[in-house]
Structure formats: C-alpha cells, structure tokens
Number of protein chains: 2
Amino acid sequence: MKKLINSVDNIVDEMLDGMTAAFPQYVKRLEGFNVLVRAKGPSDKVALVSGGGSGHEPSHGGFVGRGMLDGAVAGEVFTSPTPDQIYEAVKAVNGGKGVLLIIKNYTGDVMNFEMAEDMASDDGITVSHVIVADDVAVENSTWTTGRRGIAGTVFVHKIAGAAAEAGLTLSEVKRVAEKVISNVRSMGMAVNACTVPAAGKPGFELEDDEIEIGIGIHGEPGTHREKISDVNNITDKLIDKILAEGIYSSGDEIALMINGMGGTPLMELFIANKHAHEVLDGKGIKIAKTYVGNYMTSLDMEGFSVTLLKLDDELKKFLNAPADTPAFVQF
Amino acid sequence: MKKLINSVDNIVDEMLDGMTAAFPQYVKRLEGFNVLVRAKGPSDKVALVSGGGSGHEPSHGGFVGRGMLDGAVAGEVFTSPTPDQIYEAVKAVNGGKGVLLIIKNYTGDVMNFEMAEDMASDDGITVSHVIVADDVAVENSTWTTGRRGIAGTVFVHKIAGAAAEAGLTLSEVKRVAEKVISNVRSMGMAVNACTVPAAGKPGFELEDDEIEIGIGIHGEPGTHREKISDVNNITDKLIDKILAEGIYSSGDEIALMINGMGGTPLMELFIANKHAHEVLDGKGIKIAKTYVGNYMTSLDMEGFSVTLLKLDDELKKFLNAPADTPAFVQF
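Fair warning: this is a prediction, and the values are worked out from it, not measured in the lab. (Residues numbered from 1 in each chain as written. Chains lettered and ligands numbered in written order. Predicted model: local features only at pLDDT ≥ 70, side-chain atom pairs only at ≥ 80, totals over all residues. Heavy atoms only, no water.)

**Considering the overall build of chain A**
The line we're drawing: In this text, helices come from DSSP runs of H or I with a minimum length of four residues, and strands from runs of E with a minimum of two, each type numbered from the N-terminal end. In this setup the radius of gyration rests on C-alpha atoms only. A globule is expected at 2.2 Å times the number of residues raised to 0.38. Accessible area is worked out with a 1.4 Å probe on protein chains only. A residue is then buried under 20% of its type maximum, exposed over 50%, and partly exposed in between.
Along the backbone of chain A there are 8 helices and 14 strands. Expected size for 331 residues packed as a compact globule is a radius of gyration near 20 Å; at 19 Å, chain A falls within 12% of this value. Here the C-alpha coordinates of chain A stretch approximately 55 × 50 × 35 Å along the principal axes. Counting all 331 residues of chain A, 66% fall into the buried class.

Written out as structure tokens, the structure is:
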C-alpha cells in the first residue's frame, strides 16, 4: 500500500485539520470532536447535519457552508460516527429552529444518528431525520438493510440546504428532503477497488480485464463482475437499471450527476457524461443541470456512478439556489 | 489497461463533447475543432486563450468562463495542440481588445502557440503571450528547454482572467500575468505513474515502496526516486525546494495550492495541506488563500504538487475577484 498519509491511526484527525486549515472562511472544527461546522456559527434557520464514515471526500465536510450543510460528522474510514459525535454536532449547529439529520442508509449510520437524535431531543432540541437510499444496485448489502445511500445524498444536501436557507420550517425542509429522496436514484461501478489504509490492501481483487457493476461506496460487492467493455456500454447498464425504476419518463426534467469514485480521471467521467446525455436525450428526458466530478468518493477507487434526480418547480428552484461551500459553489 | 473509454482514437473528441453537454451554460465547442470557448461568445475585453495536451483536466477547458479563460485548446493526450486549432481559438474569442495566450513551457506548446500568434497577427488581431515555467524540480526536461509549466498556470488563468474582466488593456493584463509567473513556483511527486491510453501501460514503473520526486504532469522523470515515507516528510521536500528559490520570506502573504494529480484521494491532499500550513506558518509566511483539489492533473497519476504564489495587493485583488467556470467558481 502506498498512501500519502503519516499514520493509519490519525488519518481522519489530520484530514479534518487539513480541511479547516484550507477553508477557514467556510468551516471550523468542534474542538475535541470529528465535526466540522460553519465558521460563522449557527444561524436563525433550520440546521442540517450529515456525515458518515470518512473516505468519501468531499462528502461530507466539503458541503458545509451557506446553502448546504451546517455540520458534518466524520467517522473513521468507512465507519459510522459515534452517537456522541453526532450529538455534539447537533448541539453546535442548533439555532433554535430545529435540526434535520441527513443519513445515508447504512445500519450503523442509522442507529447512531437516531441515538444522537434521542440524546438531543432529551435536551429539548427539535430534531428530525431523513434516510437516503438511492442505490438501485442491490436491495440489501453487507452493511445495509434495504438500499444503500450513495451519491444522490449530495442532492439532498443541496436542495434541503437551500430550503432551510430560504426559511422553511423543519417539517417543510424534511418534506422537501423526502421529495428529493423519492425522486433520486443512483448506480455505480468500479474498475479497481479501493484500499482502506488500516487494511493495507484492496478490499477485493479484480482481474486485469474485469469490472464490478453495482458497487457501493465502501468497496462492498455489487451485482456482479463482468469483462470490461467500452464506457458507453457500461453507462447504458447503469442507466438502464435506474430507468427500470419507472420514475423517469419522456418529458420529465432531471438533474444528472456523473460522480467519480476518487481515482477516476475527469476525462473519463466526461466521456461517460457524453453518452449519458445521448441516451437520456434519446428517451426524451430533459437534463436541466449536469454535475460531473468527485462528490461522493470511495478513497482511491476507480469507477463512477450515475445519479438521476427528477425535478419539479420546487426542487429546481432549490437546486439552482446559491450555495457556497468548500466543494460546491454556485451563484 | 482498464480505462473508461470507448476507443483510444476519439478520447479527446468525446471528452470535449461531454464537457459541452455538461456545461452548456459555460462553454460551447467550435465546430470541427478541439476548442472550447465561452458559451456567450466574445466580449469587449482582452481575451485569454490557453490549452495544451489533454489529460490535465479540468485544465484547461474547465477554466473557460467569466473571470478566467475565454478559450481553451485541447491537443491529443499529452500532445501540443496544432497551430491551426490555436489560431481558430484566437479568432473565435477576439473581441477587438486583443488576445493573450497563456502557454505552459513545453517546446511543442511554445512553438505551436507562437505560430498561431503569427497567423492571427497576420489577420490584424493583436496577440501577445506569456510562458509559465513554475516547476522548480528540473531546469530542462524531456519536453522542455527551461523549467516546465505545471499547476501554477491555474493562478495565471485566474489572476490574468480577473484583470481582463476588470477592463485592463492587453499590455496591462500581460504585465499582471508576468507578475504571477515571477511569483509562482511549484513542485510535484508521484506515488504511481499514469497510463496514456494509446500506450496502454504506465509511463514508468515504481516499486511497491517507491515514489518519484519532482515529477512533471506527463509522467516525465523527476529529480529522483526514493523510498516512500510519511506525507509530512514528502511535503517538506517539495516545500524546501520551492523555498530555496528565495522568493518567499517571513511576512509575505501567499496563496497555496495542493494539487491532486488525478488519482489521489482528496483525503490525502488535505493531510498534506495540514502539514504545508504548519511548515509555512512556522516560517512566518502568511497563507491568504488555500486551494486543495484536482486543478492540473496527469490522467490517473497518483501524487500531488505544491504551488506557492507570492501576493501583493494587486494580485490579491484579482485572485479574490469572482470567477464562474465549470471547475472554478468563486464569488
């Protein structure tokens, strides 16, 4: 294993300090915790907290800032953050209008975020949560009952964040977040596995001509392995599985995300995007906005995921609203 | 080789179409050419054109937009664009106030951009150019007489772009660009080599415990190979070589860029950034702004470069000015 780290034991700690050093205009770290919150402190609006295991950067700390998250909790690599860390985040961002937790659907994440919700509720803080389960690849997986939450989560951050910034109440922000969750689906693939630093070797081995379809964001198994083919064919498979959900029809307007897994050259993501546009255009699905880049990664994994979000006027308005965070700036 | 492509022969063509499909609000492609220009066409200001071989995404097309470039010319992978392509870009972006070419110092790039400059001058277009040579690693290299132009080029795009947007004349924009070039230095390293698609195998082989220091952005050799050590030690070596230039002193204000080479997890870049801040803080060098991410990549190469830009009031003003491009948004 060749990693640009100092010690496997302090990766998350050093990463968070490195993010804070890079972006003091956006984020500060809660002293003694693996939590990033907005540099300017809580404000008079519903606050959003997300997080999960580390290794998905820029998720989630990169999305803390105006128009998106108020706090992000970082667990160890691919490990759920503990309830006390989440609880501290909730207390720190609460501005009196309530706190919404945005949870990716992994058993540990759901359990720990819900425990933190109970702890904060006992303190009199109004807390609610939503669970993102956008991955159509598998119904249950290594660490999940039900579908996994992957790159579609970033759309929840963006749109619920804009709704909160617009002054909506907690129940309204939650309603908007749940609409995104209803309308968003993703599926990914890997060319090469990622290496968790503490493990020191790739989570699985693929042959020189083999790829994994339906992979999650922790190197957990996908639907199947197959021989590598051209990226148009691979993109077709991901989109076909998403379209089989029956959510997206001719005439619909969507947002599209081509998300890199961390080790994938941007060049290749753009080539996949070209074909995704052709396929969706051919089906009469109108792409209102496209995002191409590393949003929800899996350490050094090479591969990509496709995410489709069906838009209505409300979601479109909040998607297009300004956001100013380390990893997502839009005006 | 496992790449997410369709054919090695049409990578650049498909990538450019994929970028245009993703970001029609920012860029359009000149029909029949590997050139991206601003979607809104030329405006009444000095126009900036850059480019070079492909494989460095988001450079250079990702920086076309308000406050940065007006046009970007994409050569084949790691191959200089031809003079006729550059000439077409110059003609397309010219708004009557002159065109500045921002060239990275590679022999082929310099020759072809200068030929295009001559062709456009013959048409009566006022064209000038600057050459970026920020890489302190080696004085001459495989494809260079003199130092190579690497990630520091992005600061030239940003600052000269803001100067042009502010209405400065061509000679003034050129003066500002040259001030950036005088004040910017970079150095990089690689953990793993990149694979040029047409070659089908890595450009060089590193042992399992070996890294290359002083690498360029095409997998060309660096200063030396050594055993991998912790990232703090590696970062020290890059910064020491940059500081040996004698440009950056206690009390100076700088911008810092920790640039990923394409295959490097953001997590690792943040860890390097933490130490870079500690080292520079310790020397009394004030970091006014930090950029961490993939700005000037080398396909799937794993590694990073450090760039320091010494600021004065003028450079700081233009660095902090708004920019709105696919890969760099700042307000």
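**Focus on the sheet that holds strand E4 (residues 71-77) of chain B**
All names here are of chain B. To be explicit about the condition: DSSP bridges decide pairing: two strands pair if at least two such bridges lie between them. To obtain an axis, a line is fitted to C-alpha atoms, over the contacting stretch when the element is a helix, and the angle between two such axes runs from 0 to 180 degrees between their N-to-C directions. By the convention used here, residues are in contact when the closest approach between their heavy atoms is within 4.5 Å.
Taken together, 6 strands build an open sheet; the order of strands is E1-E2-E4-E3-E5-E6 and the sheet is mixed. Looking at strand neighbours, the two that pair on one side only are strand E1 (27-29) and strand E6 (127-132), the edges of this open sheet. Adjacent strand axes in the sheet meet at a mean angle of 25 degrees, parallel and antiparallel pairs treated alike. As paired elements, strand E5 (residues 99-104) and E6 share 6 bridges and run parallel to each other. Within E6, the position partnered with lysine 104 by the bridge is valine 132. Across the face of the sheet, helix H1 (residues 11-22) comes into contact with E1, strand E2 (35-38), strand E3 (47-54) and E4 while running at roughly 145 degrees to E1. Packed on one face of the sheet, helix H5 (residues 170-183) meets E3, E5 and E6 and runs near 5 degrees to E6.

**Brief notes about a negative patch on the surface**
Where we set the bar: Like-charged residues are merged into a patch within 9 Å and nonpolar side chains (Val, Leu, Ile, Met, Phe, Trp, Tyr) within 5 Å, provided each residue has over 30% relative accessible area and no salt bridge. Per-residue and other accessible areas follow the Shrake-Rupley method at a 1.4 Å probe size, with only the shown protein chains counted as cover for residues. Each salt bridge in this description consists of a side-chain nitrogen of Lys or Arg and a carboxyl oxygen of Asp or Glu lying within 4 Å of one another. Think of it this way: Lys and Arg go in the positive column, Asp and Glu in the negative one, and His and the chain ends go nowhere. Throughout, a charge is located at the NZ atom of Lys, the CZ atom of Arg, the CG atom of Asp or the CD atom of Glu.
Side chains of Glu114, Asp118, Asp122 and Asp123 of chain A sit close together on the surface and give a patch of like negative charge. By secondary structure assignment, the location of aspartate 122 of chain A is in helix H3 (residues 107-122).

**A word on the packing of aromatic side chains**
By convention here, two paired aromatic rings are described through the distance between centres and the angle between planes. All names here are of chain B. Operational definition: Ring geometry is summarised as follows: Phe, Tyr and Trp rings, the Trp one being its six-membered ring, pair when their centres sit within 6.5 Å, and such pairs are stacked at plane angles under 30 degrees, edge-to-face over 60 and tilted between the two.
Evaluation of the coordinates by the stated rule reveals 11 aromatic pairs over all chains. Relative to phenylalanine 328, the ring of tyrosine 291 lies with its centre 5.6 Å away and its plane at 35 degrees, an arrangement referred to as tilted. With tyrosine 291 in strand E11 (residues 286-293) and phenylalanine 328 in the loop between strand E13 (323-324) and strand E14 (329-330), this pair connects stretches of sequence that are 37 residues apart. Neither tyrosine 291 nor phenylalanine 328 differs from the other in exposure class; each is buried.

**As for the environment of isoleucine 254 of chain B**
Assignment of secondary structure puts isoleucine 254 of chain B in strand E10 (residues 253-260). Judged by relative accessible area, isoleucine 254 of chain B falls into the buried class, the value being 0%.

**Examining helix H2 (residues 83-93) of chain A**
Within H2 of chain A, burial applies to Pro83, Gln85, Ile86, Tyr87, Ala89, Val90 and Val93 of chain A. Against strand E2 (35-38), strand E3 (47-54), strand E4 (71-77), strand E5 (99-104), H3 and strand E6 (127-132) of chain A lie the buried residues of H2 of chain A.

**Some points on the relation of the copies chain B and chain A**
The criterion, for reference: Copies are brought into register by a least-squares superposition over C-alpha atoms of residues with pLDDT of at least 70 in both.
Mapping chain B onto chain A leaves a residual RMSD of 0.0 Å; the transformation is a rotation of 180 degrees accompanied by 0.0 Å of translation along its axis. Accordingly, the operation relating the two chain copies is best matched by a two-fold axis. Every residue of chain B has its C-alpha some distance from the rotation axis, and the shortest such distance is that of glycine 263 of chain B, at 2.0 Å. By residue overlap, the copies meet face to face through one surface: 100% of the interface positions of chain B are interface positions in chain A.

**Some thoughts on helix H4 (residues 153-165) of chain B**
Helical geometry: 3.6 residues make up each α-helical turn, so side chains three or four residues apart lie on a common side. Residues and elements named next belong to chain B. Note the cut-off: One less than the number of residues in a helix, times 1.5 Å, gives the span that helix is expected to have.
With 13 residues, H4 extends 18 Å between its outermost C-alpha atoms, agreeing within 8% with the 18 Å of an ideal straight helix rising 1.5 Å per residue. Of all 13 residues in H4, 12 are buried; the element is thus mostly enclosed. Remark: glycine 167 follows H4 within two positions and exhibits a positive phi of approximately 95 degrees.

**Observations concerning the interface of chain B and chain A**
Basically, it comes down to this: By buried area we mean how much accessible surface two parts lose on assembly, using a 1.4 Å probe and totalling the loss over both. Polar contacts, as used here, are pairs of N or O atoms within 3.5 Å; protein pairs need one atom able to donate a hydrogen and one able to accept it. Residues neighboring in sequence count only if both atoms are side-chain atoms. Here the nonpolar group is Ala, Val, Leu, Ile, Met, Phe, Trp, Tyr, Cys and Pro; Asp, Glu, Lys and Arg are the charged ones; every other residue, Gly included, is treated as polar.
With 56 residues of chain B at the interface, the matching set in chain A holds 56 residues. Each partner contributes to the roughly 4600 Å² buried at the junction of chain B and chain A, and carbon and sulfur atoms together form 67% of this total. The three residues of chain B that bury the most area against chain A are Lys2, Leu4 and Met267 of chain B, which together make up 21% of that side's buried surface. Applying the counting rule to chain B against chain A returns 0 salt bridges. Put simply, chain B and chain A have 16 residue pairs in polar contact (both at pLDDT 80 or more) between them. Elements with a contribution of two residues or more to the side of chain B that touches chain A: H1, strand E7 (184-192), helix H6 (231-243), helix H7 (266-282), E11, strand E12 (302-310) and E14 of chain B. Grouping the amino acids of the side of chain B that touches chain A by side-chain chemistry returns 26 nonpolar, 16 polar and 14 charged.

**Quick notes on the environment of glycine 152 of chain B**
Residues and elements named next belong to chain B. Counting through the fold element by element, glycine 152 comes out in the loop between E6 and H4. Glycine 152 sits in the buried class, given a relative accessible area of 0%. Along the backbone, glycine 152 and methionine 115 are 37 residues apart, and their C-alpha atoms lie at a distance of 24 Å. Excluding residues that lie within four positions of it along the chain, glycine 152 makes contacts with Val132, Asp134, Val184, Ser186 and Thr307.

**So, the pairing of E4 of chain B**
Residue and element names in this part refer to chain B. For E4, the buried fraction is high: 6 of the 7 residues fall into the buried class. Summarising the sheet, E2 and E4 pair through 3 bridges and their orientation is antiparallel. Looking at the pairing, valine 37 lines up with glycine 71 of E4. Where E3 and E4 come together, 5 bridges link them in parallel fashion. For serine 50, the partnering residue across the bridge sits in E4 and is alanine 72.

**Details of the environment of valine 306 of chain A**
Along the chain, the position of valine 306 of chain A falls in strand E12 (residues 302-310). What valine 306 of chain A contacts, discounting residues up to four positions off in sequence, is Arg185, Ser186, Met187, Leu238, Ile239, Ile242, Leu256, Met257 and Ile258 of chain A.

**Notes on the pairing of E3 of chain A**
Regular strands show a simple pattern: their side chains alternate between the two faces of the sheet. Residues and elements named next belong to chain A. E3 sits mainly inside the fold: 8 of its 8 residues count as buried. Of the pairings in the sheet, the one linking E3 to E5 comprises 4 bridges and is parallel in character. Considered in E5, the bridge of valine 49 is made with leucine 101.

**With respect to unusual backbone geometry**
All names here are of chain A. The amide bond that connects glutamate 57 to the next residue, proline 58, takes the cis arrangement and shows omega of 15 degrees. Within the element layout of this structure, proline 58 appears in the loop between E3 and E4. Located in the positive-phi region is leucine 299, a residue other than glycine, with phi close to 55 degrees. Inspection of the secondary structure assignment puts leucine 299 in the loop between strand E11 (286-293) and E12.

**Brief notes about the sheet that holds E11 of chain A**
Residues and elements named next belong to chain A. On the basis of which strands lie adjacent, the open sheet formed by 6 strands has the order E9-E8-E7-E12-E10-E11 and mixed pairing. Every other strand in the sheet has two partners, leaving strand E9 (224-227) and E11 as the edge strands with one partner each. Pairwise comparison of adjacent strand axes, ignoring direction, gives a mean angle of 20 degrees for this sheet. With 7 bridges connecting them, strand E10 (residues 253-260) and E11 associate as parallel partners. Residue pairing for E11: asparagine 259 is matched across the bridge by glycine 293. Sitting on the sheet, helix H4 (residues 153-165) is in contact with strand E7 (184-192), E10, E11 and E12, with an inclination near 125 degrees to E10. Here helix H5 (residues 170-183) sits on the sheet in contact with E7 and E12, set at roughly 55 degrees to E7.

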